[in-house]
Structures are given as structure tokens and as C-alpha cells.
Amino acid sequence: MKKNFSTLALVLCATAASAQDITLPAPNTSQQSASVVEALKTRHSVRDFDSSKTLSDQQLSDLCWAACGMTRDDNHRTSPTAMNRQEIRLFAFTKEGVYEYDAKANSLIKKAEGDHRMLMASNGANASFKQEFVVDAPVTLLMVIDLDILGGKDEKSVMMGCVDAGNVSENINLYVQSVGLATVPRATHDTDSIRKLLKLSDAQIPIMNNPVGYEKK
């Protein structure tokens, strides 16, 4: 009986550990990187990732901060949004799980257990269409427009949300290029399955994603 209780305790501990959020290290805003001009000059899309290489927590912190982290105070981000509504929610899909980036706490909040990166490989409508290269990238950042935060659900609001998501994606593109990583901006993903997985409403729109990793040489 004692052995059974010990085994159960170990299982419960392991489960609790796997469900933990990730407190990221502070973004390294003084790291060595290429200039903005150099990043603009050399920026290119990559679809061939080295699946043997992962990203450290420090790299994840720097990446998420560059995408839409907090800047000069607790109410401004690295990426601009309409009326500073900050309606773009950032999700990180990794081998271990799916996390939402909390910019104010600089942490990753676990939303789903397990590897769901294949949801980025197809649009869900055509089962034969797949871009499986996204699974070779250790993380894919998904941008979700939250129209409830933006304050409108009309065509103009959706358009502004798309513009703001593009701003986040371009931050990712330029940052990745400046530090020697690789990415490609994409609009392909299984929207319906992502909505179910993350429990998103109709007002929360998965709009685009960036797989990020190292280019395969």
C-alpha cells in the first residue's frame, strides 16, 4: 500500500510540474545584434529548419519581448496597435505545450499540454495540404486578434487588427534576422482546431504565425 501511495505521489508531482507556467528571464535588451538597417537588408524567409536545435528560455524571452513586450512603461509595447488597445495576443506552440505570453509578467502561461505544432501545418479545410516544415521549428508564435479588447467587431476593426498583427510579425522577422535565427511569416493554420484547443470565441481570431528556429545548413 505504501508503495502505491509513493507511486501516486510521484505521478501527481510529475503532472503538476508539467502543468507549470514558465517565468522567463528578463529580456536581454543590451545583447549584440545586427542593426535595423542590416536586418532590413538581409531579411529573408526560411522554410528549412534544423530540428535538432532548440531555443533557451532566454531566447524565448527575448523573442516574445521583441514581438510585443513591454517597453518604456507598463502601458506601451514594442509593437504599435490601433489606439494602443494591445489587442494582439501572442501564443507560443512548442513540443511541450502551448503557452500565452503575458507581457507584463514576462512569462508564458500554459494553455494546453503536448505538441500541437501540426495545427500550423494545414488550414484544416484541405487534409492533403500540409506544410510540415513548421514542426521542425522549436517554436511557432501565433498572433490572435482579440476584437473584444479592440472594442469593435466591424470590418474596420478586423482590418486594424490585421494591421496590428502584421506589426507584431514584422517585429519578429527583424529581430530574428538581427540575432541569427530564422523565420517565415505565414497565414496557414487550422483556425477551427486552434479555437477549440485554446477555447477562443468568435471574436478572437487566429490570424498569422511565425515559426522560429535555426536555419538548416
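From a predicted model like this one, the values you see are computed outputs, not experimental measurements.

K.L.:
It is not clear to me how empty space enclosed by the protein should be interpreted in this structure. Could you clarify?
P.N.:
The method is simple in principle: a probe with the dimensions of a water molecule rolls over the atoms, and the space it marks as empty is what remains. Following the criterion strictly, the structure yields two cavities of 30 Å³ or more and no others. In this structure, the largest cavity occupies an estimated 50 Å³ of space. In terms of lining residues, the largest cavity is bounded by Arg43, His44, Val46, Asn173, Val176, Gln177, Leu181, Ala182, Thr183 and Pro185. Looking at the lining of the largest cavity, the elements that each hand over two or more residues are helix H5 (155-179) and strand S6 (182-183). Element by element, the count of residues in the lining of the largest cavity is highest for H5, at three residues. A class-by-class count of the residues in the lining of the largest cavity yields five nonpolar, four polar and one charged. Estimates place the volume of the second largest cavity at around 40 Å³. Lining the second largest cavity, in full, are Cys68, Arg77, Ser79, Thr81, Gln86, Glu87 and Ile88.

K.L.:
Sorry, what's going on with the nonpolar core here?
P.N.:
Within soluble globular proteins, side chains that are nonpolar generally end up buried alongside one another. With 33 residues, the main nonpolar core has Leu63, Leu90 and Ile172 as its most contacted residues. Counting residues per element, this core draws most heavily on helix H3 (residues 57-68), which supplies six residues. Not counting residues up to four positions away in its chain, the partners in contact with Leu90 are Cys64, Ala67, Cys68, Tyr99, Glu100, Tyr101, Leu141, Leu142, Met143 and Val168. Formed by 20 residues, the second largest nonpolar core is a distinct cluster that contains Phe91, Phe93, Phe133 and Ala137.

K.L.:
Would you take a moment to explain the state of the cysteines for this structure?
P.N.:
Simply put, disulfide is the name for a covalent bond between the sulfur atoms of two cysteines. One pass over the structure, following the stated rule, counts zero disulfides. Between Cys64, a free cysteine, and Cys68, which holds the nearest cysteine sulfur, the sulfur-to-sulfur gap is 7.3 Å. The cysteine Cys162 is free of any disulfide, with Cys68 supplying the nearest cysteine sulfur at 16 Å. Overall, Cys162 belongs to the partly exposed group, its relative accessible area being 34%.

K.L.:
What am I meant to see in H5 here?
P.N.:
If you check H5, its first and last C-alpha atoms are 37 Å apart, about what 25 residues at 1.5 Å a residue would give, namely 36 Å. Of the residues flanking the start of H5, the one acting as N-cap is Asp154, its side-chain oxygen 3.1 Å from the backbone nitrogen of Lys156. Remark: Gly180 follows H5 within two positions and exhibits a positive phi of approximately 85°.

K.L.:
Which parts of the structure should I look at to understand the pattern of salt bridges?
P.N.:
Between side chains of opposite charge, a pair can form when the charged atoms approach closely. In the structure shown here, the tally under the stated rule is seven salt bridges. A salt bridge links Lys110 to Glu113, with the shortest nitrogen-to-oxygen separation between them at 3.3 Å. Here Lys110 falls in the buried class, since its relative accessible area comes to 15%. One salt bridge connects Arg117 with Asp115, and the closest N-O pair in it is separated by 2.7 Å.

K.L.:
Whenever I open this one, the environment of Val46 confuses me. Can you help?
P.N.:
Looking at the secondary structure, you find Val46 in the loop between helix H2 (36-42) and H3. Overall, Val46 belongs to the buried group, its relative accessible area being 3%. Spatially, the C-alpha atoms of Val46 and Glu215 are 6.7 Å apart, while their sequence positions differ by 169 residues. Sequence-distant contacts of Val46, defined by excluding residues within four places in its chain, comprise Ala182, Thr183, Val184 and Glu215.

K.L.:
Is there a simple way to think about the packing of aromatic side chains in this case?
P.N.:
Two measures describe an aromatic ring pair: the distance that separates the ring centres and the angle between the ring planes. Inspection of the entire model under this criterion finds one aromatic pair. Ring geometry for Phe49 against Phe133: centres 6.5 Å apart, planes inclined by 15°, an arrangement best described as stacked. Taken together, the positions of Phe49 in the loop between H2 and H3 and Phe133 in the loop between strand S4 (107-113) and strand S5 (139-146) put the pair 84 residues apart, joining distant regions of the chain. Its relative accessible area of 2% is what places Phe49 among the buried residues. The ring of Tyr214 has Lys53 sitting right over it, with the charged end atom 5.1 Å from the ring centre.

K.L.:
Explanation requested: the side chain of Asp190 in the structure shown.
P.N.:
The residue Asp190 is located in the loop between S6 and helix H6 (191-198) in this model. No salt bridge is formed by the buried Asp190. Its closest oppositely charged neighbour is Lys196, at 7.9 Å.

Analysis parameters
- Residues numbered from 1 in each chain as written.
- Predicted model: local features only at pLDDT ≥ 70, side-chain atom pairs only at ≥ 80, totals over all residues.
- Heavy atoms only, no water.
- 1 Å grid on protein atoms, 1.4 Å probe; cavity = no way out; pocket = protein on both sides within 12 Å on 5 of 7 lines; lining within 4 Å.
- Points joined across faces, edges and corners; volume = space filled by probe spheres on them.
- Helix = DSSP H or I, 4+ residues; strand = E, 2+ residues; numbered from the N terminus.
- Nonpolar A, V, L, I, M, F, W, Y, C, P; charged D, E, K, R; others polar.
- Core = buried A, V, L, I, M, F, W, Y, C linked by side-chain atoms within 4.5 Å.
- Buried < 20%, exposed > 50% of the residue type's maximum accessible area, 1.4 Å probe, protein only.
- Contact = heavy atoms within 4.5 Å.
- Disulfide = S-S within 2.5 Å.
- Expected span 1.5 Å × (residues − 1).
- Polar contact = N/O pair within 3.5 Å; in protein donor to acceptor, adjacent residues only side chain to side chain.
- Salt bridge = Lys/Arg side-chain N within 4 Å of Asp/Glu carboxyl O.
- Phe/Tyr/Trp six-rings, centres within 6.5 Å; stacked < 30°, edge-to-face > 60°.
- Lys NZ or Arg CZ within 6 Å of the ring centre and 35° of its normal.
- Lys, Arg positive; Asp, Glu negative; His and termini not counted.

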